[in-house]
Amino acid sequence: AQSVTQLGSHVSVSEGALVLLRCNYSSSVPPYLFWYVQYPNQGLQLLLKYTSAATLVKGINGFEAEFKKSETSFHLTKPSAHMSDAAEYFCAVSEYGANSKLTFGKGITLSVRP
Amino acid sequence: GAVVSQHPSWVICKSGTSVKIECRSLDFQATTMFWYRQFPKQSLMLMATSNEGSKATYEQGVEKDKFLINHASLTLSTLTVTSAHPEDSSFYICSAQHGRYNEQFFGPGTRLTVL
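Procedures and definitions
Residues numbered from 1 in each chain as written. Chains lettered and ligands numbered in written order. Predicted model: local features only at pLDDT ≥ 70, side-chain atom pairs only at ≥ 80, totals over all residues. Heavy atoms only, no water. Helix = DSSP H or I, 4+ residues; strand = E, 2+ residues; numbered from the N terminus. Rg over C-alpha atoms; globule rule 2.2 N^0.38 Å. Buried < 20%, exposed > 50% of the residue type's maximum accessible area, 1.4 Å probe, protein only. Contact = heavy atoms within 4.5 Å. Areas by Shrake-Rupley, 256 points an atom, 1.4 Å probe, with all protein chains shown as cover. Lys, Arg positive; Asp, Glu negative; His and termini not counted. Charge placed at Lys NZ, Arg CZ, Asp CG, Glu CD. Salt bridge = Lys/Arg side-chain N within 4 Å of Asp/Glu carboxyl O. Buried area = accessible area lost by both parts, 1.4 Å probe. Polar contact = N/O pair within 3.5 Å; in protein donor to acceptor, adjacent residues only side chain to side chain. Nonpolar A, V, L, I, M, F, W, Y, C, P; charged D, E, K, R; others polar.

> Would you mind going over the overall build of chain A in detail, with residue names and values included?
Tallying secondary structure elements over chain A gives zero helices and twelve strands in all. Listing the helices and strands of chain A from first to last along the sequence gives β-β-β-β-β-β-β-β-β-β-β-β. Expected size for 114 residues packed as a compact globule is a radius of gyration near 13 Å; at 14 Å, chain A falls within 12% of this value. If you line up chain A on its principal axes, its C-alpha atoms span 40 × 30 × 25 Å. Counting only residues that meet the buried cut, chain A has 45% of its 114 residues in that class. Taking the intrachain contacts of chain A between residues at least 6 apart in sequence as the baseline, contacts between residues at least 24 apart amount to 57%. Only carbon and sulfur atoms are counted for the fraction: they give 53% of the accessible area of chain A, which is about 5300 Å². One finds the centroid of the 9 positive side-chain charges in chain A at a distance of 3 Å from the centroid of its 7 negative side-chain charges.

> With reference to specific residues and values, describe the pattern of salt bridges.
Per the stated rule, a full pass over the model turns up six salt bridges over all chains. Glutamate 103 of chain B is paired through a salt bridge with lysine 49 of chain A; the nearest N and O atoms lie 3.2 Å apart. Here lysine 49 of chain A lies in strand E6 (residues 44-50) and glutamate 103 of chain B lies in strand E10 (residues 103-106), a pairing that spans two chains. A relative accessible area of 8% means that glutamate 103 of chain B is categorised as buried.

> Which residues make up the interface of chain B and chain A, and what values go with them?
In many reports, interface size means the accessible area that the parts give up when they come together. Taken together, the contact pairs 22 residues of chain B with 21 residues of chain A. Counting the surface lost from both chain B and chain A, the interface buries some 1700 Å², and carbon and sulfur atoms represent 52% of this. Inspection of the chain B/chain A interface yields two salt bridges. Where chain B packs against chain A, one counts eight residue pairs in polar contact (both at pLDDT 80 or more). Contributions of two or more residues to the side of chain B that touches chain A are made by strand E4 (32-38), strand E5 (44-51), strand E9 (90-98) and E10 of chain B. For the side of chain B that touches chain A, a count of residues per class yields nine nonpolar, ten polar and three charged.

These results come straight from atomic positions and should not be treated as a statement about function.
Pasting the structure below:
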């Protein structure tokens with residue numbers, strides 16, 4: 001069975017600092033990987049996805065993530081944090097095929113200090 | 001593109017009543033939709049997978065007679081919480097699957113409060 005590990009529950013950075021949110025996956029075959037962002041009382045918005053093409057994936061709002069098979073990781077980064085980045089971030093994995101379910105990590109809360 | 005709506009966005013009801021939540025894919029057709037439940041400060045918990053024209057597949061531990069799911073068309077799935085109780089109070093989120101990589105696009109969620 002697939003699983004996703006997001007270490008830590010809360011990350012706090014200063015505005016303008018590097019954002020690094022970690023995600024490790026466990027899958028027997030190369031999966032699809034996703035990062036979602038959730039603002040308070042809202043649904044999830046797709047930030048970016050890995051689909052076995054380029055290992056460095058660029059997403060919206062200046063975020064990017066690098067797929068490293070040897071480390072089974074898909075960490076999310078942003079060079080310079082903005083106050084509006086404060087939110088909950090979820091890493092998720094799914095298998096190929098229709099009806100494939102998403103397996104979510106427990107999420108990380110990102111706080112941005114002025 | 002790939003917009004999913006949910007209605008209502010919030011609902012308050014009395015214990016023992018039933019509540020219906022609608023999930024619509026606005027600009028695409030979705031053969032498969034999913035229903036999640038989210039408790040405060042927690043991740044999403046998949047409740048069921050809804051396929052158009054067939055019975056929903058429920059996750060282990062989810063009462064199918066309590067959480068009725070109907071996926072009557074390629075753009076609409078509904079979740080009915082029957083005989084709601086305070087412990088059913090939660091944030092319910094739907095998603096619709098679309099695209100080459102079977103991405104899930106999420107609705108804005110429905111906050112259910114049962115008094």
